[in-house]
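In case you want the letters, here they are:
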Amino acid sequence: MRTTSSFEIFPNEPSERELARARWLRREGRIEDAEAAYRSVIEQQPGLRTSWTECFDLLRSAGQLAKALSLATEAEGVFSTEAFPLALKGAALIEQDRIPDAIEVLEVAVERDPYLALTWHELGYAAYRLGNGDRALLALDRAFALEPHTETLVLRGRIFRDAGEYYAAEVAFEGAADAAAHDDQRAEVLREIDFTRRLGAFAPRRLRHLTPAERWFAQHGAIVVASHGGSAAPTGEELVEAFIGLAEDREWGFGQILAGDDDSSWTALTQHFGVPAASPYETDPDRVPLLIATRPPVDSPPWAEACRRIHTRGRGAVVTVWHADDLPVDVDLVGGLEQGGIPVPLVPDTAAAAVMAQHPGARLADRHLGLTPDTIRTD
């Protein structure tokens, strides 16, 4: 939870112009330049809390935790008797996984100022990281009472979800979506809602009790064909055959096969669907495409453009035979999963994959996957 800079801490209401360049640099991903710009503002106006919180959050989000803690220590020299720098320090200690130390610091901050919402939020986050959901919820209730905040509701939702209370979690996330001040913030909360609804399909089990394939589906909405534990990982050919079986079960049809790489397994696909394999460059807008690769070709512009067209038009599917757990997910269906480059020993299960495909939160839920013509959405 990187939320520090979201809390309103500017009692002296300074001009925003001094911070405009630092914020722009951050949006551009120029972390070092943004930090330098924030530090310039801090040097010119050391009493401006906004510059401290935003610089701290920049470092926290970038994983520069030692620098974040150092900045919090610097803030103590400026705001020596206030709770504000201790809230920053506690937040930094949380990210360093020094949870007991963080709670100790945050409790001192509460004694100094029991009305600072940021302190209560970070105290709730620390308790959450420690596994104490009840204490976390009490602290978050206090934070929200002092300053109604989207991120506080998001954290409440995650606590309820981890406890298996999916309805309560969804209510919290929906409140966060309603309170979101920015489009990207709202989009993130909507993803949390989708995640919670998919996870609810496996109730009463919790996330930690799911199989790797079930967790993958809950988190990303991507169907996993090899979904049950086995003694060995399947071959690529077995996964392709299982996908063909799933397509038959769901009555999916494809008018073109776009191959992201050369693999002998594609022969089975071309024979089954009766169409030759083509390059992603050769997308035919009048046909329902199956875009497939052995693994996601993440640096391929043609693949990225073909994915965009499929998802924009709502026609066709993006499939990979294997997918690593540390890569961004922009696919609709995967054959098997890899962890640390090693295939997970899972057995193909067409029936389980078909159940995932029918879930309203699946990425393929509203996709046109038949050979019959339909209304094509323009780019």
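Small disclaimer: the values here were computed from a predicted structure and weren't measured.

The rules behind the values
Residues numbered from 1 in each chain as written. Predicted model: local features only at pLDDT ≥ 70, side-chain atom pairs only at ≥ 80, totals over all residues. Heavy atoms only, no water. Salt bridge = Lys/Arg side-chain N within 4 Å of Asp/Glu carboxyl O. Helix = DSSP H or I, 4+ residues; strand = E, 2+ residues; numbered from the N terminus. Buried < 20%, exposed > 50% of the residue type's maximum accessible area, 1.4 Å probe, protein only. Phe/Tyr/Trp six-rings, centres within 6.5 Å; stacked < 30°, edge-to-face > 60°. Polar contact = N/O pair within 3.5 Å; in protein donor to acceptor, adjacent residues only side chain to side chain. Contact = heavy atoms within 4.5 Å. Axes fitted to C-alpha atoms, helices over the stretch in contact; angles between N-to-C directions. Parallel < 35°, antiparallel > 145°, perpendicular 65-115°, else oblique. Left-handed = near helix turned anticlockwise from the far one by under 90°. Nonpolar A, V, L, I, M, F, W, Y, C, P; charged D, E, K, R; others polar. 1 Å grid on protein atoms, 1.4 Å probe; cavity = no way out; pocket = protein on both sides within 12 Å on 5 of 7 lines; lining within 4 Å. Points joined across faces, edges and corners; volume = space filled by probe spheres on them.

### Focus: the pattern of salt bridges
Pairs can form between side chains of opposite charge once their charged atoms are near each other.
Step number 1: If you walk through the whole model with that rule in mind, you get 27 salt bridges.
Step number 2: Residue Lys89 pairs with Glu76 through a salt bridge whose shortest N-O separation is 3.8 Å. Of this pair, Lys89 sits in helix H5 (residues 84-95) while Glu76 sits in helix H4 (residues 65-78), and the two are 13 residues apart along the sequence.
Step number 3: For Glu76, a relative accessible area of 24% translates into the label partly exposed.
Step number 4: One salt bridge in this structure joins Arg205 and Glu214, with 3.1 Å as the shortest N-O distance.
Step number 5: Relative accessible area serves as the criterion here: at 31%, Arg205 is assigned to the partly exposed category.
Step number 6: What you see here is one network of salt bridges that share partners, running through Glu35, Arg39, Lys67 and Glu74.

### Describing the packing of aromatic side chains
Step number 1: Tallied over the entire structure, the rule returns six aromatic pairs.
Step number 2: Ring geometry for Phe202 against Phe217: centres 6.5 Å apart, planes inclined by 85 degrees, an arrangement best described as edge-to-face. Separated by 15 residues along the polypeptide, Phe202 in the loop between helix H11 (183-200) and helix H12 (212-220) and Phe217 in helix H12 bring together distant segments of the chain. Comparing Phe202 with Phe217 shows no difference in burial state: the two are buried.
Step number 3: An aromatic cluster of three or more residues is present, and its members are Trp52, Phe79 and Phe84.

### Quick look at the side chain of Asp332
Step number 1: Relative to the elements of secondary structure, Asp332 occurs in the loop between strand E6 (317-324) and strand E7 (333-339).
Step number 2: A polar contact is formed between the side chain of Asp332 and the side chain of Arg363, at a distance of 3.2 Å.
Step number 3: One polar contact links Asp332 to Arg367, side chain to side chain, over a distance of 2.9 Å.
Step number 4: If we ignore the near neighbours within four places in the chain, the residues touching Asp332 are Gly221, Ala222, Ile223, His311, Ala317, Val318, Arg363, Leu364 and Arg367.

### What to know about the packing of helix H3 (residues 49-61) against H4
Step number 1: Interaxial distance between H3 and H4 falls to 8 Å at its minimum, and their mutual angle equals 160 degrees. As the angle between them shows, H3 and H4 are arranged roughly antiparallel. The handedness of the crossing between H3 and H4 comes out as left-handed. In contact with Trp52, Cys55, Phe56, Leu59 and Arg60 of H3, H4 contributes Leu65, Lys67, Ala68, Leu71, Ala72, Glu74, Ala75 and Val78.
Step number 2: Taken together, the residues of the contact of H3 with H4 sort by class into ten nonpolar, no polar and three charged.

### Description of empty space enclosed by the protein
Step number 1: Tallied over the full model, the rule gives three cavities of 30 Å³ or more.
Step number 2: In this structure, the largest cavity encloses a volume near 60 Å³.
Step number 3: If you go around the largest cavity, the residues you meet are Thr283, Asp284, Pro285, Arg287, Pro289, Arg309, Ile310, Arg313 and Arg315.
Step number 4: The dominant element in the lining of the largest cavity, judged by the number of residues it contributes, is helix H15 (residues 301-313), at three residues.

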